[in-house]
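# Structural features, examined
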Amino acid sequence: MIFRVCLAVLAILTASQLQAGEIAPEQRRSAYDTMSAGTRAMQDDDMANPATLWVLDGEALWSQPAGATQKSCADCHGDAKISMKGRAARYPQFDATTGGVVDLEQQINYCRRERQKATPLAFESHELLALSAWVSLQSRGARIEASTDPAAQKAIEAGRRLFTERRGQLNLSCAQCHDDNWGRSLAGATIPQGHPNGYPLYRLEWQSLGSMRRRLRNCLSGMRAELWPQDAPEYDDLEIYLMSRASSLTMESPAVRP
Amino acid sequence: MARALINVPPRAKKGDIIEIRTLISHPMETGYRAGFNGSLIPRDIIRSFVCLYNDIEVFRAEFSPAVAANPFISFHTMATESGKLTFRWTGDKDFDVTETQEIVVE
């Protein structure tokens, strides 16, 4: 309830203080910077970071044969520590064959379907999160680079539009919180800039690992907006835009967030 | 299958205070939450954790529904002799996981 009241107050507040435009690269901050010392300590130590439980399962799945071909990820990609280094920092990507944007989870499922001839893993399933955590871990410390692929620009533009568009019963846009009011308080929590530099991440509120898509759905319901279906292209556009908006930050996957 | 992570220093000097850290995957379902049909989701938690050092109990913890998922436990003990540390988590739904680690004390 307090949260809802605060959202309403914030909506009134921001109406008078609308600032157009994005966060300048030198002002970009990972949400890590505003986390409590305890949460930071959890992320800093792999032994204390519960995401490690998924990472270890992902490492095992990486070399486990699957599907009609009985091939494992390792059979094609070899050692993930080498072949997947820095890869997650460049996802989502524009995929020429499908003409759409694919994020890391969709890429893993593409491989399963087309290369391993296996059934795709369900969104947010333990196996899919485990594999994406294992792959993303290999990008820890990598710098996020905005996609220069001309074909991706259309999706980035669409994502930017979605980000600045007001929606939901609270009539809020993502930008009103994450561009205009980051660093300020919302019901006792600091509003982060909203950079996807740690996904999949262990969220204390979820008590579990979750994907960027889960977080976006979370935000949408917080704005009391209608959720797009799980496989809607809107999420892809938002994800690819958010990655371009986070360029110059370093990857922390799998991170811990409150 | 629950996955457990245990961190014990592999070597220690006799008399040293050593830190032991454990992390185990578990949903820690409180038993107070309602499911989609309105009925309560049955409680499913770890009830107890015990650490044995060469079969002598050095640490024990009782868990309650308020403990977070994937519980992380950190505690200290004194390195007395080389041997085996045994960790056992038991709980609802016949949850029973035992892990061991070796330690060399010089």
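Because the structure is predicted, anything quoted here is derived from the model rather than measured. (Residues numbered from 1 in each chain as written. Chains lettered and ligands numbered in written order. Predicted model: local features only at pLDDT ≥ 70, side-chain atom pairs only at ≥ 80, totals over all residues. Heavy atoms only, no water.)

## Digging into the overall build of chain A
- The number of helices and strands found in chain A is 11 helices and 7 strands.
- What you see for chain A is a C-alpha radius of gyration of 18 Å, in line with the 18 Å of a compact globule of 258 residues.
- Each of the three principal axes of chain A carries a C-alpha extent, and together these read 60 × 40 × 35 Å.
- A burial count over chain A gives 49% of its 258 residues as buried.
- Sequence separation of 24 or more characterises 69% of the internal contacts of chain A that already satisfy a separation of 6 or more.
- Summing over all exposed atoms, chain A offers an accessible surface of approximately 12,100 Å²; the carbon and sulfur share of this is 53%. (Helix = DSSP H or I, 4+ residues; strand = E, 2+ residues; numbered from the N terminus. Rg over C-alpha atoms; globule rule 2.2 N^0.38 Å. Buried < 20%, exposed > 50% of the residue type's maximum accessible area, 1.4 Å probe, protein only. Contact = heavy atoms within 4.5 Å. Areas by Shrake-Rupley, 256 points an atom, 1.4 Å probe, with all protein chains shown as cover.)

## A short note on the domain arrangement of chain A
All names here are of chain A.
- Each domain of chain A was delimited in the assignment, giving domain 1 (13-45 + 144-257) and domain 2 (52-137).
- Computed over C-alpha atoms, the centres of domain 1 and domain 2 are 23 Å apart.
- Buried area between domain 1 and domain 2, summed over both chains or domains, comes out near 1,700 Å², and the portion from carbon and sulfur atoms is 67%.
- Inspection of the region where domain 1 meets domain 2 yields 1 salt bridge.
- Two residues, D103 and R213, come together in a salt bridge whose shortest N-O distance is 3.3 Å.
- For the pair domain 1 and domain 2, the interface holds 3 residue pairs in polar contact (both at pLDDT 80 or more).
- Only α8 (150-164), β6 (208-210), α10 (212-222) and α11 (233-245) provide two or more residues apiece to the side of domain 1 that touches domain 2.
- Top contributing element to the side of domain 1 that touches domain 2 by residue count: α11, with 5 residues.
- Per-class residue counts for the side of domain 1 that touches domain 2 are 12 nonpolar, 5 polar and 8 charged. (Domains from an automatic or database assignment. Buried area = accessible area lost by both parts, 1.4 Å probe. Salt bridge = Lys/Arg side-chain N within 4 Å of Asp/Glu carboxyl O. Polar contact = N/O pair within 3.5 Å; in protein donor to acceptor, adjacent residues only side chain to side chain. Nonpolar A, V, L, I, M, F, W, Y, C, P; charged D, E, K, R; others polar.)

## Side note on the side chain of A:T39
- When you line up the elements, A:T39 lands in helix α2 (residues 37-44).
- Setting aside anything within four residues of it in sequence, one finds A:T39 in contact with A:L204, A:V256, A:R257 and A:P258.

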